[in-house]
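Here is how the chains run, residue by residue.
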Amino acid sequence: MAELSTAEPDTGPATGPEAGPDTVIATRALTKRFRGGQLAVDGLDLAVPAGSVFGFLGPNGSGKTTTIRMLMGLIEPTSGTARVLGQAMPRATRTVLPQVGALIEGPALYGFLSGRDNLLRYDSADPTADPRTRRARVAAALDRVGLTAAASKKAKAYSLGMKQRLGLAAALLQPRRLLVLDEPTNGLDPQGMREIRSLVRELASDGTTVFLSSHLLDEIEQVCSHAAVMARGRLIIQGPVAELAAGARGLLVVTTPDPGDAARVLKEQGMADVVVEEDRVTGEPPDRDLAEVNAALVSAGVRVRGFGLERASLEDAFVALTGEGFDVAG
Ligand SMILES: Nc1ncnc2c1ncn2[C@@H]1O[C@H](COP(=O)(O)OP(=O)(O)OP(=O)(O)O)[C@@H](O)[C@H]1O
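Parameters at a glance
Residues numbered from 1 in each chain as written. Predicted model: local features only at pLDDT ≥ 70, side-chain atom pairs only at ≥ 80, totals over all residues. Heavy atoms only, no water. 1 Å grid on protein atoms, 1.4 Å probe; cavity = no way out; pocket = protein on both sides within 12 Å on 5 of 7 lines; lining within 4 Å. Points joined across faces, edges and corners; volume = space filled by probe spheres on them. Helix = DSSP H or I, 4+ residues; strand = E, 2+ residues; numbered from the N terminus. Nonpolar A, V, L, I, M, F, W, Y, C, P; charged D, E, K, R; others polar. Axes fitted to C-alpha atoms, helices over the stretch in contact; angles between N-to-C directions. Left-handed = near helix turned anticlockwise from the far one by under 90°. Contact = heavy atoms within 4.5 Å. Buried < 20%, exposed > 50% of the residue type's maximum accessible area, 1.4 Å probe, protein only. Pairing = 2+ DSSP bridges.

Novice: Please explain the layout of surface pockets as it appears in this structure.
Specialist: Gaps between atoms show up when a probe of the same size as a water molecule is rolled over them. Estimates place the volume of the largest pocket at around 770 Å³. Taken together, 26 residues form the lining of the largest pocket, with Val 100, Ala 102, Tyr 122, Ala 170 and Arg 176 sitting closest to its centre. Secondary structure elements with two or more residues in the lining of the largest pocket: β7 (100-103), α3 (115-124) and α5 (160-171). Residues belonging to the lining of the largest pocket are distributed by class as follows: 18 nonpolar, five polar and three charged.

So, in structure tokens, the structure goes:
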């Protein structure tokens, strides 16, 4: 993004070759140890490319919110550096935050005010917001999140999904280069989740970089172009979502009315971790030509209905990398 290169020159420590002008968020060895001794974030090197929808993924307690709070200048790191839009945080908080729309830990709303009045009030508390354009910007933001019809209703009558959308509208009152959303679909029903996800996709299609945290793997796979995976305060892996999933090997899946014989032959052929479930036999594909494996099944008299590789998911990648299931609490 051209405008990023006009940001103030680096004044902090070097942030590494990956943190070029097209990197919207870059951290280097970012660490937070809380007073009680809890190491919540441990040596994090994060690089969020401009224009990406970047999923920050990890089980509960893995350090996502603590990282986001450091990125937004809300808490100081114990050590390491964080740069947002090319500038060092928390030092540049005042210049950076007006360019960032943030939705962290649910929106703070006044239940007795209407959705529209909440936004008017929120905007009037922002010293960088132009009061002359306030009503028009509020109307545009309400329209953007699909709340125009409900704008006069009191916020306390809003569903959780509507409250989240109002929070997003607040983040959209000014043009933003970056949106930071902490667990934006947390607590929503499936319909509310779909609405927020499609809104995120729409915002991203305008070129805004979106950084969103989630503990839901399928959410990241559905919405994000890039992801970083956290576990116990440490970065496990980051990169384009398609590449992360491709890093894990897919499963070989054989469908057959003769699962017992199939499992025996597949083991002989070198397939590991063989699991039989009704007419499906799955496992790690053997390291040889799969056409030969299929031929071996057929010549052993196994009736093969289906034979193929199932694409690995981000969850497979996570399990392969950490040796843990994804629902572990840090
Ligand atoms: N203010 C604090 N004081 C002490 N420990 C904290 C504090 N805030 C967070 N922690 C601890 O740091 C670790 C990381 O928490 P954090 O909230 O960043 O994780 P998370 O990935 O955002 O999880 P969640 O989705 O549950 O919020 C946890 O073990 C948590 O208990």
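Novice: Sorry if this is basic, but what is going on with the packing of α3 against α5 here?
Specialist: Angle between the axes and distance between the axes: these two values describe a pair of packed helices. Running from amino to carboxyl end, α3 crosses α5 at an angle of 35°, the nearest separation of the two axes being 10 Å. Crossing hand, α3 versus α5: right-handed. From α3, Gly 115, Asn 118, Leu 119 and Tyr 122 reach across to α5, where they touch Leu 166, Ala 169 and Ala 170. The residue inventory of the contact of α3 with α5, partitioned by class, reads five nonpolar, two polar and no charged.

Novice: Mind showing me how you'd approach unusual backbone geometry here?
Specialist: Note: most peptide bonds trans; most residues except glycine with negative phi. Put simply, Met 89 and Pro 90 share a cis peptide bond, and its omega is 5°. Not every positive phi belongs to a glycine, and Asp 273 is a case in point at roughly 50°. Structurally, the position occupied by Asp 273 is in strand β13 (residues 272-277). Look at Glu 278: it is not a glycine, yet its phi comes out positive at around 50°. By the element assignment, Glu 278 lies in the loop between β13 and β14 (280-284). Overall, Glu 278 belongs to the exposed group, its relative accessible area being 74%.

Novice: Which parts of the structure should I look at to understand the pairing of strand β10 (residues 226-231)?
Specialist: Across the six residues of β10, five count as buried, placing the element largely inside the fold. Of the pairings in the sheet, the one linking strand β4 (residues 53-57) to β10 comprises four bridges and is parallel in character. Residue Phe 54 lies in a different strand from β10, and its bridge partner there is His 226. Connecting β10 to the antiparallel partner strand β11 (residues 234-240) that follows it, the hairpin turn spans two residues, and Arg 232 within it adopts a positive phi of roughly 50°.

Novice: Whenever I open this one, the sheet that holds strand β15 (residues 306-310) confuses me. Can you help?
Specialist: The strands that make up a sheet are held in pairs by hydrogen bonds between backbone atoms, and each pair lies either parallel or antiparallel. The four strands lie next to each other as β13-β14-β12-β15, forming an open sheet whose pairing is antiparallel. Of all strands in the sheet, those bounded by a partner on one side alone are β13 and β15. In this sheet, neighbouring strand axes are inclined to one another by 20° on average, regardless of whether the strands run parallel or antiparallel. Inspection of the sheet shows β13 paired to β14 by four bridges, in the antiparallel sense. Each residue of the ladder has a partner; that of Val 275, found in β14, is Thr 282. Across the sheet, helix α10 (residues 290-299) lies against β12 (251-255) and β15, angled at about 150° from β15, the strand it touches most.

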